Amino acid sequence: MKTLWQNCHAATMAQGVYSIIEDAAIVTQGEHIQWIGPRAELPLGDYPAVNDLKGAWVTPGLIDCHTHAVFGGNRSGEFEQRLQGVSYADIAAAGGGIASTVRATRAASEDELFASAAKRLKSLMRDGVTTVEIKSGYGLDLPSERKMLRVIRRLGGELPVSVRSTCLAAHALPPEYKDRADDYIEHICAEMLPALAAEGLVDAVDAFCEYLAFSPEQVERVFLTAQRLGLPVKLHAEQLSSLHGSSLAARYQALSADHLEFMTEDDAMAMAESGTVAVLLPGAFYFLRETRLPPMDALRKHGVKIAVASDLNPGTSPALSLRLMLNMACTCLRLTPEEALAGATIHAAQALGMAQTHGSLEAGKVADFVAWHIDRPADLSYWLGGDLEKRVVRHGVEID
Ligand code: DI6
Ligand code: FE
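Calculation rules
Residues numbered from 1 in each chain as written. Chains lettered and ligands numbered in written order. Predicted model: local features only at pLDDT ≥ 70, side-chain atom pairs only at ≥ 80, totals over all residues. Heavy atoms only, no water. Helix = DSSP H or I, 4+ residues; strand = E, 2+ residues; numbered from the N terminus. Rg over C-alpha atoms; globule rule 2.2 N^0.38 Å. Contact = heavy atoms within 4.5 Å. Areas by Shrake-Rupley, 256 points an atom, 1.4 Å probe, with all protein chains shown as cover. Lys, Arg positive; Asp, Glu negative; His and termini not counted. Charge placed at Lys NZ, Arg CZ, Asp CG, Glu CD. Donors = N, O, S within 2.8 Å, 3.2 Å for Na, K, Ca; no water. Buried < 20%, exposed > 50% of the residue type's maximum accessible area, 1.4 Å probe, protein only. Domains from an automatic or database assignment. Buried area = accessible area lost by both parts, 1.4 Å probe. Core = buried A, V, L, I, M, F, W, Y, C linked by side-chain atoms within 4.5 Å.

**Considering the overall build of the chain**
Next, step 1: On a plain count of helices and strands, the chain comes out with 15 helices and 15 strands.
Next, step 2: For a compact globule of 400 residues, the expected C-alpha radius of gyration is about 21 Å, and the chain comes in at 21 Å, within 12% of that figure.
Next, step 3: With respect to the three principal axes, the spread of C-alpha positions in the chain is 70 × 45 × 45 Å.
Next, step 4: Sequence separation of at least 24 residues holds for 70% of the intrachain contacts in the chain that already meet a minimum separation of 6.
Next, step 5: Accessible area for the chain stands at about 15700 Å²; split by element, carbon and sulfur atoms hold 51% of it.
Next, step 6: Charge-centre separation for the chain: the mean point of 36 positive side chains lies 3 Å from the mean point of 50 negative side chains.

**Some details on the coordination of the iron ion (ligand 2)**
Working reference: metal with six octahedral donors, ideal angles 90 or 180 degrees; metal with four tetrahedral donors, ideal angle 109.5 degrees.
Next, step 1: Around the iron ion (ligand 2), the protein contributes the donor atoms His66 (NE2), His68 (NE2), His236 (NE2) and Asp311 (OD), at 2.1 to 2.3 Å from the metal centre.
Next, step 2: Mapped onto the sequence, the residues coordinating the iron ion (ligand 2) show the spacing H-x1-H-x167-H-x74-D. Of the two residues, His68 is situated in the loop between strand E5 (62-64) and helix H1 (76-83) and Asp311 in the loop between strand E12 (306-308) and helix H12 (322-331); the sequence distance between them amounts to 243 residues. This pair shows no difference in class: His68 is buried, exactly as Asp311 is.

**Examining the domain arrangement of the chain**
Next, step 1: For the chain, the domain assignment lists domain 1 (2-60 + 360-399) and domain 2 (62-351).
Next, step 2: If you look at the interface, domain 1 gives 28 residues, while domain 2 gives 23 residues.
Next, step 3: Across the domain 1 to domain 2 interface the summed buried area is about 1900 Å²; carbon plus sulfur atoms make up 63%.
Next, step 4: When the buried area of domain 1 at its contact with domain 2 is split by residue, Met13, Ser381 and Arg394 rank highest and sum to 27% of it.

**Focus on the environment of Met148**
Next, step 1: With respect to the element layout, Met148 can be found in helix H5 (residues 142-158).
Next, step 2: For the pair Met148 and Gly364, spaced 216 residues apart in sequence, the C-alpha separation works out to 33 Å.
Next, step 3: Setting aside its immediate chain neighbours within four residues, Met148 contacts Val70, Thr105, Lys135, Ser136, Gly137, Tyr138 and Gly139.

**As for the environment of Asp23**
Next, step 1: Relative to the elements of secondary structure, Asp23 occurs in strand E2 (residues 20-29).
Next, step 2: We classify Asp23 as partly exposed; its relative accessible area is 33%.
Next, step 3: Residues Asp23 and His9 lie 14 residues apart in sequence; the distance between their C-alpha atoms is 5.0 Å.

**Some remarks on the nonpolar core**
The tendency in soluble globular proteins is for nonpolar side chains to be buried as a group.
Next, step 1: Grouped together as the largest cluster of nonpolar side chains are 102 residues, with contacts concentrated most on Val70, Leu121, Ile134 and Leu155.
Next, step 2: Looking at this core, the element that brings in the most residues is helix H6 (residues 181-198), giving eight residues.
Next, step 3: Looking at this core, you find at least three residues from each of domain 1 (2-60 + 360-399) and domain 2 (62-351).
Next, step 4: What Leu155 contacts, discounting residues up to four positions off in sequence, is Val70, Phe114, Ala117, Ala118, Leu121, Ile134 and Val163.

Below, the structure is given as structure tokens:
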């Protein structure tokens, strides 16, 4: 069915750049955008359905390209401990941190994980999110990683949001493999990834490259396996120290390297070369009270595409609003509102390998967009949370 959406302005992100159409019109046909441009240039024709957007600003549907939205339990107790001065690393060393979420996730049923994650996803969706990536990585054994990935697939099937699943089996060392990290990596490469990929549960493969997680050599073995299975890779890199995981990711044409506070200019050059997106996670930066900023100047100078995501997870970023992350990206990481919006639309799509079909308002792309009742696009990174009045269209259909 052909539908006309008019009486609006559009921030299109067409061709990957922030561009504005004042007094725009959008024609959707089924799930796709058929035409977008100034209303004065609207092709003559029959429009069986016409929607008056009442002066709204239309942006692409927001894309949260890095979340750990499926998990058991929560860690507000650790938050209290950290406020008493205990560090994230100390908590992890004492069996808390990721390990405590692994215990809770293993103990939870698929239905329980689905129900709690669905609530969190609905919160992100209230912010205009139409696409979200979700990682496994709190199971750390084949049945539990499978359980998480099945929940991730089910979320995409049952909620009006597009969901990409990333296998993050190399997130932390499970207790069964204490002091045997190489053996766990071998298990991931020989058993877990091949089985999970064969079951169609994996869209991309991620790992945590950090002194308290896995070394670049171990990550490389995971990447080689992903490559053999035909799966794209991503990497948690340079969050707490500089191991040059982002350069390693670039060598494997990673879709993205994420966090990046400790990356160097050489890493930025390698990422620019390979087209690897820099995903910045201001929620974790803020929640851990980091002080070291990602090297924004180097990223800009070398033309690395920058995305912004929530990192929604129970330990370092219990973030339920992507718009709040846009604000933090501007306030804490010094992005401009234009950069932040590109970071949650077109560059986020690229970080998921979806830029051909998502992330901008262009003819031929999927009709995922939000009509916001705001004064200017910068308002999206201005307000701190809350609920902005808006209409959300996904696959050409308005959702509530
Ligand atoms: N980096 C993070 O910020 C999260 N995972 C990761 O690799 C933290 C996950 C957690 O603490 O539960
Ligand atoms: Fe993360």
